[in-house]
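Topology and contacts: notes
Listed here are the chains, written in short residue letters.
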Amino acid sequence: MSVRLQALIKSLLVLMAVCASTHTAAQQYRSEVRELETPPDEIQQTPEALLKQTTDPYQRALLLREMAMKAAKDGDNARAAELLNQALETDALSGPAAEQMREMLGQVLMAGGDFKRNQPALEAQVKRGDAPPEIRVALAAAYLQDRRHRDAIPLLRSAINDVENADITWRRALMGAYLATDQFKDALPLLEQLVREAPEVRDDWARLAALYLRVGNKRRAAATLELAQRLGFMNDANDRLRLIGLAAELGAPFEAASLLQGWIDDRQLPDDRGNRRLLAQLFVAAREAQLAMPALGRALQDGPDAELLRVLAQLQMQTERYGEAARSVEQLIALEGPAPETLMTLATAQYQQASVDDALANFRRAAARPGEQAALAREWVKYLESGRARELAMTAAAERRERVVEDVQLASRLGSGDGAIPTLEGGGERQARAAAESSSGPRFTPVGAERAGNASGEIPPWTGGITPQRRPAGFVDGEPLPDPYADDAPLFVITADNMDRHAKRLTPSHRHLLKNVPGYRLPVYPTRRSVSYPQAIYDATAKNAETATLDSPDALKGARLGFPFPRPETGVEIMWNHRTRYRGDSVDFENQQAVVLKSGALSSQHKQGFRVNFRYGNIRDPADPKTENYVALGITQLSPMGRSPDVVSLFHETLDSERQPRNIWVLLASAGRMFRVPPVGYDQPFPGSDGLEFIDMVDMYNGAFDRYVWRLEGKREMYIPYNAYRLNLPPLKNADLLQPLAFDPEHTRYELHRVWVIEATERGGQRHSFGKRVFYVDEDSWTVVMVESHDRKGEPWRFQEGHLVAEYDIQAAWARPVITYDLKDGRYFANRLFAESEHFDYGLKFSTNEFLPASVRRSYSR
């Protein structure tokens with residue numbers, strides 16, 4: 001994408017460099033405004049000297065204009081633009097004179113050609129609202145140089161709309177910006193028009209075919225390729241590989257791999273080392289393990305390759321092919337030597353085959369080597385030396401042998417034989433994934449997480465989580481939850497001194513805190529996959545996988561009770577899983593919150609009440625989305641410490657905002673006045689947070705999805721706050737946890753888990769205080785556990801961290817506490833503090849009438 005956009009920018013710059021000279025505009029300007037009288041020769045002074053002497057704004061404006069004309073004549077367009085801006089800032093010119101001077105400024109800026117250097121002047125002219133189309137395009141070119149595609153789009157769009165038959169380079173730049181921001185539906189008609197106007201541009205044909213593939217229109221992709229071939233395009237290997245690369249770049253790696261496989265089968269691309277390696281990489285990127293593994297095997301026939309072996313071993317571990325994984329790792333060790341991480345993977349594979357003695361030997365080898373893996377290896381050694389470990393390993397291995405595991409095969413040859421686009425049997429990526437899963441056993445948990453652990457053994461397999469039969473000793477229904485892992489000790493602690501070794505598993509915000517907050521640290525514990533959900537949620541999720549769809553980002557259809565998208569394909573599908581996750585049929589609780597200033601002083605200390613009737617995720621009384629369009633009905637109360645509520649909020653969260661928008665009302669209890677928040681939520685400040693939290697930051701994210709484009713970046717293994725039972729239990733006091741600059745790390749617990757990463761960037765024409773947000777979503781619970789929010793200039797601003805707790809009394813998950821850091825001014829906001837609060841009250845039967853505005857006003861006014 002970057003190369004393509006650079007080419008587009010270059011085209012813009014060439015186009016705009018041919019501009020009218022400033023001389024004609026200057027002559028016209030002189031003919032329409034009065035000139036400063038020329039003094040006699042004997043007393044004539046330079047404009048610069050006169051400028052220092054005069055205080056009259058009008059005379060200053062004319063002198064600055066004269067100096068600007070001289071600078072432009074000398075070729076110093078940047079200086080000319082600066083002087084003309086100063087002249088306009090005097091605000092001394094009449095309307096027509098100012099208009100002509102702005103036109104002159106536009107010509108100077110265009111003639112300069114260095115849009116990046118002139119960006120402030122261009123922005124000033126656009127901000128005044130009277131910039132001609134050429135100036136808007138010039139500013140868009142400056143933004144494109146900085147990869148600010150979203151800022152460039154409205155400028156390009158408005159300029160194109162204002163000019164009949166706008167230049168093709170403008171439209172090509174807009175199309176490129178659409179592609180860079182994943183706005184494929186907007187890019188498609190523009191690209192179709194460009195191909196009709198300039199069919200000689202061969203790259204556009206490849207780009208159009210790839211875009212049809214990305215949006216799922218395979219018939220049009222085939223027709224496009226056929227036309228391109230008739231025109232002499234797509235007939236050589238380079239053209240075909242370019243198309244494959246574009247399809248992968250646009251987010252369709254499965255389709256790209258299918259193209260490549262088909263063309264290899266038809267001998268239109270060579271079956272050589274490079275193409276075999278590319279095919280394997282594409283299937284890996286598409287998360288098609290059953291197709292990627294044989295492709296990797298074929299690529300490795302060309303010779304040993306450490307990178308490919310490592311990926312193959314990882315996939316074999318994920319699909320429980322432990323014998324094959326062990327052989328791959330042994331080859332890797334022969335190439336690279338016995339690195340601790342590799343030994344851990346080999347030992348884990350051997351343990352899963354019930355080769356306990358071999359596993360124990362390799363875990364001991366890993367424990368004897370320096371590094372962070374040593375602590376985990378010692379934990380494994382301790383476990384394997386217990387008699388129970390051998391029996392469990394043999395039982396698990398026997399269960400796996402009973403499964404019938406077959407490699408998934410594509411239903412037919414992917415190539416069509418005539419050079420046209422290969423057919424994708426089964427309807428696309430989602431169906432291919434389903435076929436792969438059905439043939440290889442339960443690769444995924446009932447909610448869609450990967451069941452297997454990771455290759456190193458640091459993430460264990462999911463074995464069901466904490467179910468009612470596995471609750472720890474000391475559990476009492478209705479009381480705070482005992483810590484089931486109280487005996488765990490940290491494997492290691494991440495500090496500013498060693499964070500570089502762990503950088504790939506840390507968020508940028510964690511690295512910021514480690515670097516800038518004295519004493520801040522992350523204690524890392526063994527990973528415990530503790531989350532479980534009731535069977536009713538599992539059953540409903542399986543049904544939703546076949547029926548759930550999104551008519552728009554805020555319109556969920558065909559889902560009921562369970563997670564809508566256990567196999568998500570887009571970022572917004574994952575965010576819907578977070579929004580609709582099961583949190584009990586209903587809940588009523590009270591907790592504390594406070595803002596911690598940079599000095600450590602506490603401000604805005606409040607108690608918060610939370611009373612919610614979950615309608616979508618309600619096992620006892622599940623709502624029928626056809627007749628009831630609610631996710632949840634809820635009331636929050638905010639009370640200064642020791643006083644009755646000051647602010648009461650009522651919210652109605654909906655499934656389909658096009659059918660019925662979400663609503664929020666706020667009641668000022670002392671005044672008895674209630675009003676609806678317009679527009680609903682977004683970046684209005686959350687009461688009691690001193691502006692550190694917006695309404696749509698509650699529960700890490702809630703509310704409409706329409707202001708962002710939700711790009712799915714994939715999965716990562718990261719250290720995240722997890723199993724935070726100790727933070728919610730006495731004898732801890734909230735005040736002890738709220739230290740200057742950062743939440744006290746002493747009682748926190750971080751674990752290595754797989755998370756989905758989603759980047760949300762502003763949708764064209766929409767605005768939010770956060771220009772970009774990055775969400776990290778736990779795969780086992782679909783709970784957002786961390787959010788990084790950037791300002792509109794792209795600078796890091798806020799960081800939310802939700803300490804996840806598996807609520808094993810009802811089989812759900814909540815983030816508590818939640819900390820929101822302001823990375824710019826050193827403050828932070830802590831809410832959902834439960835160390836001094838009662839446990840959640842679940843299962844209350846609420847009347848729907850309780851959540852009507854009139855009822856709330858009557859009940860909570862004073």
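Residues numbered from 1 in each chain as written. Predicted model: local features only at pLDDT ≥ 70, side-chain atom pairs only at ≥ 80, totals over all residues. Heavy atoms only, no water.

**A word on the overall build of the chain**
Regarding its fold elements, the chain presents 29 helices and 18 strands. Counting only residues that meet the buried cut, the chain has 57% of its 862 residues in that class. With the model as given, the accessible surface of the chain reaches about 36,200 Å², and the carbon-plus-sulfur share is 49%. (Helix = DSSP H or I, 4+ residues; strand = E, 2+ residues; numbered from the N terminus. Buried < 20%, exposed > 50% of the residue type's maximum accessible area, 1.4 Å probe, protein only. Areas by Shrake-Rupley, 256 points an atom, 1.4 Å probe, with all protein chains shown as cover.)

**A short note on the packing of aromatic side chains**
A complete count under the given rule lists 29 aromatic pairs for this structure. Ring geometry for Tyr533 and Phe563: centres 5.2 Å apart, planes at 75 degrees, overall edge-to-face. Here Phe563 lies in the loop between β4 (555–557) and α27 (571–580) and Tyr533 lies in the loop between β2 (522–524) and α26 (535–547), a separation of 30 residues in the sequence. Grouping residues by exposure puts Tyr533 and Phe563 together as buried. When the ring of Trp576 is compared with that of Phe705, the centres are 5.6 Å apart and the planes differ by 70 degrees; the resulting orientation is edge-to-face. Taken as a pair, Trp576 in helix α27 and Phe705 in the loop between β10 (673–676) and β11 (708–721) lie far apart in primary sequence, 129 residues in all. (Phe/Tyr/Trp six-rings, centres within 6.5 Å; stacked < 30°, edge-to-face > 60°.)

**What about the nonpolar core?**
Formed by 135 residues in total, the largest nonpolar core has its most connected members in Trp710 and Tyr821. In this structure Tyr821 touches Leu513, Tyr520, Leu741, Ala742, Phe743, Trp797, Arg798, Phe799, Glu801, Arg827 and Tyr828, once residues within four positions along its chain are discounted. Judged by nonpolar contacts, the second largest core, of 77 residues, contains Ala206, Ala286, Ala289 and Leu308. (Core = buried A, V, L, I, M, F, W, Y, C linked by side-chain atoms within 4.5 Å. Contact = heavy atoms within 4.5 Å.)

**Quick word on the side chain of Arg207**
Here Arg207 shows up in helix α12 (residues 202–214). Judged by its relative accessible area of 9%, Arg207 falls in the buried class. A polar atom in the side chain of Arg207 sits 2.6 Å from the side chain of Asp204. (Polar contact = N/O pair within 3.5 Å; in protein donor to acceptor, adjacent residues only side chain to side chain.)

**Focus: the packing of α12 against helix α13 (residues 218–230)**
Helix packing geometry: the angle between the two helix axes and the distance between the axes. Two elements in contact, α12 and α13, have axes whose closest approach is 7 Å; the angle formed by their N-to-C orientations is 165 degrees. Between α12 and α13, the crossing angle belongs to the class labelled roughly antiparallel. Note on packing geometry: the crossing formed by α12 with α13 is left-handed. Contacts between α12 and α13 involve Trp205, Leu208, Ala209, Tyr212 and Leu213 from the first element and Lys218, Arg220, Ala221, Thr224, Leu225, Leu227 and Ala228 from the second. (Axes fitted to C-alpha atoms, helices over the stretch in contact; angles between N-to-C directions. Parallel < 35°, antiparallel > 145°, perpendicular 65-115°, else oblique. Left-handed = near helix turned anticlockwise from the far one by under 90°.)

**Concerning the pattern of salt bridges**
Pairing of side chains with opposite charge becomes possible as their charged atoms draw close. Evaluated as defined, the whole model comprises 51 salt bridges. The partner of Asp588 in a salt bridge is Arg611, with the nearest N and O atoms 2.8 Å apart. One end of the pair, Asp588, is in strand β5 (residues 586–596); the other, Arg611, is in strand β6 (residues 602–614), and 23 residues separate them in sequence. Residue class for Asp588 comes out partly exposed when judged on its relative accessible area of 23%. For Asp699, the salt bridge is made with Arg832, and the minimal N-O distance between the two is 3.2 Å. Separated by 133 residues along the polypeptide, Asp699 in the loop between β10 and β11 and Arg832 in strand β17 (residues 828–833) bring together distant segments of the chain. (Salt bridge = Lys/Arg side-chain N within 4 Å of Asp/Glu carboxyl O.)

**Examining helix α7 (residues 119–127)**
All buried positions along α7 are accounted for by Gln119, Ala121, Leu122 and Gln125. Looking down the long axis of α7, one finds its buried residues gathered within 165 degrees of arc, a one-sided arrangement. For α7, the exposed residues lying more than 90 degrees away from the buried face are Pro120 and Lys127. Following α7 by one or two positions, Gly129 has its phi on the positive side, about 90 degrees. (Arc of directions from axis to C-beta.)

**With respect to the pairing of β6**
Within β6, 10 of the 13 residues are buried, which leaves the element mostly enclosed by the surrounding structure. Across 10 bridges, the pairing between β5 and β6 is antiparallel. Paired with Glu590 across the two strands is Gly609, which belongs to β6. The turn joining β5 and β6, which pair antiparallel and follow one another in sequence, is formed by five residues; a positive phi near 100 degrees is taken by Gly600. Pairing analysis gives nine bridges linking β6 to strand β7 (residues 630–640), with the strands arranged antiparallel. Its bridge partner being in β7, Val612 is matched across the sheet by Gly634. (Pairing = 2+ DSSP bridges.)

**Some details on the packing of helix α16 (residues 273–285) against helix α18 (residues 306–318)**
Two elements in contact, α16 and α18, have axes whose closest approach is 12 Å; the angle formed by their N-to-C orientations is 35 degrees. Viewed along their axes, α16 and α18 form a crossing whose handedness is left-handed. Residues Arg277, Gln281 and Val284 of α16 form the contact with α18, whose participating residues are Glu307, Leu308, Val311 and Leu315. Across the contact of α16 with α18, the residue classes tally to four nonpolar, one polar and two charged. (Nonpolar A, V, L, I, M, F, W, Y, C, P; charged D, E, K, R; others polar.)

**Considerations on helix α5 (residues 77–89)**
Taking 1.5 Å per residue as the helical rise, α5 with its 13 residues ought to reach 18 Å, and the 18 Å between its terminal C-alpha atoms agrees with that figure. Among the residues of α5, those classed as buried are Asn77, Ala80, Ala81, Leu83, Leu84, Asn85, Ala87 and Leu88. Residue Asp76 occupies the N-cap position of α5, its side-chain oxygen lying 3.1 Å from the main-chain nitrogen of Arg79. Immediately downstream of α5, the backbone of Asp91 shows phi near 55 degrees, a positive value. (Expected span 1.5 Å × (residues − 1).)

**Notes on the pairing of β5**
Along β5, nine of the 11 residues are buried, which leaves the element largely enclosed by surrounding structure. Pairing of β5 with strand β18 (residues 841–842), which is carried by two bridges, proceeds in the antiparallel orientation. Paired with Val587 across the two strands is Tyr842, which belongs to β18. Sheet topology note: the β5/β17 ladder contains four bridges and is antiparallel. Bridging across to β17, Val595 finds its partner in Phe829.

**Examining the environment of Gly323**
You can see Gly323 is positioned in helix α19 (residues 322–336). For Gly323, a relative accessible area of 19% puts it in the buried group. Taking the C-alpha atoms as reference, Gly323 lies 9.7 Å from Leu346; in sequence the two are 23 residues apart.

**A closer look at the environment of Asp483**
Along the chain, the position of Asp483 falls in the loop between α24 (429–439) and β1 (492–494). Put simply, Asp483 and Arg726 are 243 residues apart on the chain and 6.6 Å apart in space, counted from C-alpha to C-alpha. Apart from the residues lying within four places of it in its own chain, the contact partners of Asp483 are Tyr725, Arg726 and Leu729. A distance of 2.9 Å separates the side chain of Asp483 from the backbone nitrogen of Tyr485, its partner in a polar contact.

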